[in-house]
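A look at the structure
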Amino acid sequence: MIDLNQKDYKRSRSMYIAFAALEYLIAILLAGSFLARITGELGISDGLTGIISSFVSLGCLFQMISMFIKPKSSKKFTIYMTLVNNLLFMFLYILPLLDLPQAVSTIAFVVIILLAYLVYNIASPSKTNWFMSLVDDKQRGIFSANKEIISLISGIVFTFVMGRIIDYYKGIGEIRTAFVISAVCIFLVGTASLLTMVFTVETPVTQAKAEDQKNVLRGMLQVFKDKTVLKVTTLFVLWRIATYSASSFYGSYEIHDLALEQTVIAVLTATGSVARILVSRFWGKYADKNSFARMIRICFLIAMGAYAAMAFATPKTGVVCLASYNILHGIAMGGINSALINLVFDYVSVEKRSDSIALSQAVSGAAGFLATVCASPLVTYVQGNGNRIFGMQIYAQQFLSVVAVLMTGVCILYVTFVFIRKDKKKA
């Protein structure tokens, strides 16, 4: 039995919180409008930028590769992979400075970002299993909440600071200077994240035995045959379908149809983050006391309300509906993200957790991507039809929000009958 109250483990948990925040800052610089700034400078079209973003969402598929890799030390493996990952991310901001031919820079950008997410996702299950093994099972809820709060607060400040820097240099015609600052920022933040891992200890649970290295395929087959693992994976899939079927199209809806200024969107997004911060500890305590299954069911119900708000969003009601969506979605996600991972730790045996995370993330990532692909023709059709469905004036995103409401309802029913009722029978 590991004594997690030892000084080394207490320090390691603090390092985990710091690492999560630093990793989140780098992720911010490679998503949304920040990513679009790089592709715009490289002359990559909006259409291709959207495809690139969709491929990034498929990154979770790369986690399947991790099931073939059983490092003797999760710590060393994660450190090396994170180093490579951070260097690749940094190079994305350096690429526009090289003045390469557009075709060459476009291909290089796609290859580099795919490699970066390949490396990131291969290491992710092992990294998550290593860090979460440092946390007492009875405190995972409140710990996950504290970790998320620190990351969100850091992210809000970081987003506004880096946004102002980019806006300033873009305004004076020196956008490349902003790219240099961003690359340096990734290097410094990445170095700090590596140091947090160096000062984090590794538990015996995450140190693979020699015989484990010889039974990778057998272990994979056991994971695929494990009914409990498949039940958890199914919930991942259902939720990804629910959220990707609608939210993937909200960005363009805000800018084009609702005609909101970027500043307004930023403020509303920050409002959602603040709401998430305020409820994270409550959700953590609730989960530790009642179970993550019960907690995520309530969060799914709130998420239904968020998508329902977007179902009523029109150019006249856009700000109010989007504000309602961001606040409710922030409250819901304050519990959903941590609950999904912690359900793996609640229901899956120790030796299968890492592979279970990989399987769940990979399959659900593919399902989310396919949901977006299937919804895309509908968006094109409705827009081409003058934003009319069944003879009524309805925007495609409103219709897809209704789909998201229904799919989230399926998630609620699934949690109720597959997890909560099963736990009641055991009790």
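Placed above this text is the structure.
Residues numbered from 1 in each chain as written. Predicted model: local features only at pLDDT ≥ 70, side-chain atom pairs only at ≥ 80, totals over all residues. Heavy atoms only, no water.

Section: the overall build of the chain
Keep this limit in mind: The helix count covers DSSP runs of H or I at least four residues long, the strand count covers runs of E at least two residues long, and both are numbered beginning at the N terminus. A simple rule labels every residue: compare its accessible area, found with a 1.4 Å probe on the protein chains alone, to the largest value its type can have, and call it buried under 20%, exposed over 50%, or partly exposed in between. The contact criterion used is simple: two residues touch if any of their non-hydrogen atoms lie within 4.5 Å. Only the protein chains shown count as cover for residues, with accessible areas throughout obtained via the Shrake-Rupley method and a probe of 1.4 Å.
Scanning the chain for helices and strands turns up 16 helices and 2 strands. When each of the 427 residues of the chain is scored for burial, the buried share is 52%. Considering only intrachain contacts with a sequence separation of at least 6, the fraction spanning at least 24 residues in the chain is 85%. A total of about 19,800 Å² of accessible surface is found on the chain, and carbon and sulfur atoms cover 66% of it.

Side note on the pattern of salt bridges
To keep things clear, this is the line we draw: The working definition used for a salt bridge is a side-chain nitrogen of Lys or Arg within 4 Å of a carboxyl oxygen of Asp or Glu.
In the structure shown here, the tally under the stated rule is 5 salt bridges. Between D99 and R176 there is a salt bridge, with its nearest N and O atoms 2.8 Å apart. Highlighted residues: D99 in the loop between α4 (74-94) and α5 (102-132) and R176 in helix α7 (residues 175-198), separated in sequence by 77 residues. Overall, D99 belongs to the exposed group, its relative accessible area being 56%. For R176, a relative accessible area of 30% translates into the label partly exposed. Connected through shared salt-bridge partners, E41, D99 and R176 make up one network.

A closer look at the packing of helix α10 (residues 227-247) against helix α13 (residues 292-311)
What counts here: Orientation is described by lines fitted to C-alpha atoms, with helices fitted over the stretch in contact, and by angles between N-to-C directions that extend from 0 to 180 degrees. Each angle receives one of four descriptions, namely roughly parallel if under 35 degrees, roughly antiparallel if over 145, roughly perpendicular if within 65 to 115, and oblique otherwise. Helix crossings are classified by the rotation of the near helix relative to the far one: an anticlockwise turn of less than a right angle makes the crossing left-handed, while a clockwise turn makes it right-handed. Any residue outside Ala, Val, Leu, Ile, Met, Phe, Trp, Tyr, Cys, Pro, Asp, Glu, Lys and Arg is labelled polar, Gly included; the first ten of those are nonpolar and the last four are charged.
Where α10 meets α13, the closest approach of the two axes is 12 Å, and the angle between their N-to-C directions is 15°. It follows that α10 is roughly parallel to α13 by the angle criterion. Relative to α13, the crossing made by α10 is left-handed. Contact residues: α10 offers L235, W239, A242 and T243, while α13 offers I296, F300, A303 and Y307. For the contact of α10 with α13, the per-class residue count stands at 7 nonpolar, 1 polar and no charged.

A look at unusual backbone geometry
For D99, which is not a glycine, the phi torsion comes out positive at approximately 55°. A positive phi angle, close to 115°, is found at S291, a residue other than glycine. Here S291 lies in the loop between α12 (262-290) and α13.

Side note on the environment of A404
Residue placement: A404 occurs in helix α16 (residues 396-426). Sequence-distant contacts of A404, defined by excluding residues within four places in its chain, comprise A242, S245, A246 and Y307.

So, the nonpolar core
We count it as follows: For our purposes a nonpolar core is just a set of buried Ala, Val, Leu, Ile, Met, Phe, Trp, Tyr and Cys residues, chained together by side-chain atoms within 4.5 Å.
If you look at the biggest cluster of nonpolar residues, it comprises 77 residues, and the most contacted ones within it are L235, W239, I296, F300, I336 and F419. In terms of residues, this core owes the most to one element, helix α14 (residues 318-347), which gives 13 residues. Aside from chain neighbours lying at most four places away, what touches I296 is L235, I336, A339, L340, L343 and V415. In terms of nonpolar packing, the next biggest core, distinct from the first, is built from 39 residues, I38, M90, I113 and I122 among them.

Focus on a nonpolar patch on the surface
Convention followed: To count toward a patch, a residue needs a relative accessible area over 30% and no salt bridge; like charges are then connected within 9 Å, while nonpolar side chains (Val, Leu, Ile, Met, Phe, Trp, Tyr) are connected within 5 Å.
A cluster of nonpolar side chains, contributed by F91, L98, L100 and V104, occupies part of the molecular surface with about 310 Å² of accessible area. By secondary structure assignment, the location of L100 is in the loop between α4 and α5.

Here we look at the packing of aromatic side chains
The way to describe two aromatic rings as a pair is by their centre distance and the angle between their planes. To be explicit about the condition: Note on aromatic pairs: the rings of Phe, Tyr and Trp (six-membered ring only in Trp) are paired at centre separations within 6.5 Å, and the planes decide the class, stacked below 30 degrees, edge-to-face beyond 60, tilted for the rest.
Here the structure, examined in full by the defined rule, presents 13 aromatic pairs. Aromatic side chains F89 and Y117 sit 5.3 Å apart centroid to centroid with 70° between the ring planes, which places their arrangement in the edge-to-face category. One end of the pair, F89, is in helix α4; the other, Y117, is in helix α5, with 28 residues separating them in the sequence. Members of the aromatic cluster, joined through ring pairs, are Y16, F19, W130, F131 and F143.

Any functional reading would require information that these geometric values do not contain.
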